[in-house]
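Architecture at a glance
Each chain is listed here by its residues.
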Amino acid sequence: MNKQHFYIIVIFGLLLSNLILIGFNGFQKKDRRPPHPDDNPKNIVISKLGFDNAQIIAYEALIKGHQNNISERDRTIHELKNQLYDELKNEVINTRVDSLTAEIANYQKQIEQLHFKHFQDIKKICKPEQIDNFNRLVNDISTIFSRKDQKKPKDHKRI
C-alpha cells in the first residue's frame, strides 16, 4: 500500500465519520423543535378539549377574569415581599417577619385556590363528550401552565 492509498482511506474515514456525526446531530434536533406560536397554554387547552367557537368565547372570558384576579394578588405579594426584605435594613423583629410571611402565604394560597376554581369553571363549559379530554388534560396542567417559559429580567443576577 502506498502513501496515496493510505491518505485516500484516511480521508474517506474522516469524511464518513463527519457524515455520521452530522446525521446523528440532525436526528437529535428534531426532538427539540422550536416552540410553535400555537403552543401557548390557551391554545393547547382549546385544542385538547376541542372547544367550538361559543366555548372559546366563554373560555376567553374566563381567562380574562382569572388573569385580573391573579395579577391583583401577584402585585400584593410583590409589595409584601418588598416590605419583608426592607426589614433587613433594621433590627429584625421576628413577629413582623412572621406576620409578613404569613400574609404572603395567605395570598399564595388564594392564588392556588383561584387556579383550581378556574379549572373547575373550564370543566363547566365542557360538553359531556369533552369530559374525558378534560380529565386527560388535568394530568398535564402543571406542565402546560409552568412558568419556565416566562422571560426573566435580564439584569437578574444570582447572589
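The structure contained in this document is the topic of the report that follows. Since this is a predicted model, take the numbers as computed values, not measurements.

Considering the overall build of the chain
Scanning the chain for helices and strands turns up 6 helices and 0 strands. Element order for the chain, N to C, with α for helix and β for strand: α-α-α-α-α-α. When burial is assessed residue by residue, the chain has 19% of its 159 residues classed as buried. Intrachain contacts of the chain at a sequence separation of at least 6 include 64% that bridge at least 24 residues.

Some thoughts on the pattern of salt bridges
Pairing of side chains with opposite charge becomes possible as their charged atoms draw close. Overall, the coordinates contain 8 salt bridges when judged by the stated rule. Note that Asp-52 is salt-bridged to Lys-127, the shortest N-O span being 2.6 Å. Taken together, the residues span a long stretch of sequence, with Asp-52 in the loop between helix H2 (41–49) and helix H3 (53–86) and Lys-127 in the loop between helix H4 (94–125) and helix H5 (131–138) at a distance of 75 residues. For Asp-52, a relative accessible area of 28% puts it in the partly exposed group. Arg-96 is the salt-bridge partner of Glu-87, the closest N and O atoms lying 3.5 Å from each other. A relative accessible area of 33% places Arg-96 in the partly exposed class. One salt-bridge network, in which partners are shared between bridges, spans Lys-117, Asp-121 and Lys-124.

Quick word on H3
If you check H3, its first and last C-alpha atoms are 49 Å apart, about what 34 residues at 1.5 Å a residue would give, namely 50 Å. Restricting attention to buried positions, one finds in H3 the residues Gln-55, Ile-56, Tyr-59, Ile-63, His-66, Ile-70, Arg-73, Ile-77, Leu-80 and Leu-84. Next to the buried residues of H3 lie H2 and H4. A distance of 3.2 Å separates the backbone nitrogen of Ala-54 from a side-chain oxygen at the start of H3, and that oxygen is part of Asp-52.

Observations regarding the packing of aromatic side chains
With the rule as written, the count across this model stands at 1 aromatic pair. For the ring pair Phe-51 and Tyr-59, a centre distance of 5.7 Å and an interplane angle of 65° mean the geometry is edge-to-face. The two residues Phe-51 and Tyr-59 agree in class, both being buried.

Re the environment of Gln-67
Of note, Gln-67 is situated in helix H3. Residue classification places Gln-67 among the partly exposed positions, given a relative accessible area of 47%. Expressed as a C-alpha distance, the spacing of Gln-67 and His-115, which sit 48 residues apart in the sequence, is 9.8 Å.

Considering the side chain of Glu-87
Position of Glu-87 among the secondary structure elements: in the loop between H3 and H4. Here Glu-87 falls in the buried class, since its relative accessible area comes to 13%. Those residues within four positions of Glu-87 in sequence are excluded, and the remaining contacts are Val-92, Arg-96, Val-97 and Leu-100.

Calculation rules
- Residues numbered from 1 in each chain as written.
- Predicted model: local features only at pLDDT ≥ 70, side-chain atom pairs only at ≥ 80, totals over all residues.
- Heavy atoms only, no water.
- Helix = DSSP H or I, 4+ residues; strand = E, 2+ residues; numbered from the N terminus.
- Buried < 20%, exposed > 50% of the residue type's maximum accessible area, 1.4 Å probe, protein only.
- Contact = heavy atoms within 4.5 Å.
- Salt bridge = Lys/Arg side-chain N within 4 Å of Asp/Glu carboxyl O.
- Expected span 1.5 Å × (residues − 1).
- Polar contact = N/O pair within 3.5 Å; in protein donor to acceptor, adjacent residues only side chain to side chain.
- Phe/Tyr/Trp six-rings, centres within 6.5 Å; stacked < 30°, edge-to-face > 60°.

Any functional reading would require information beyond the geometric quantities listed.
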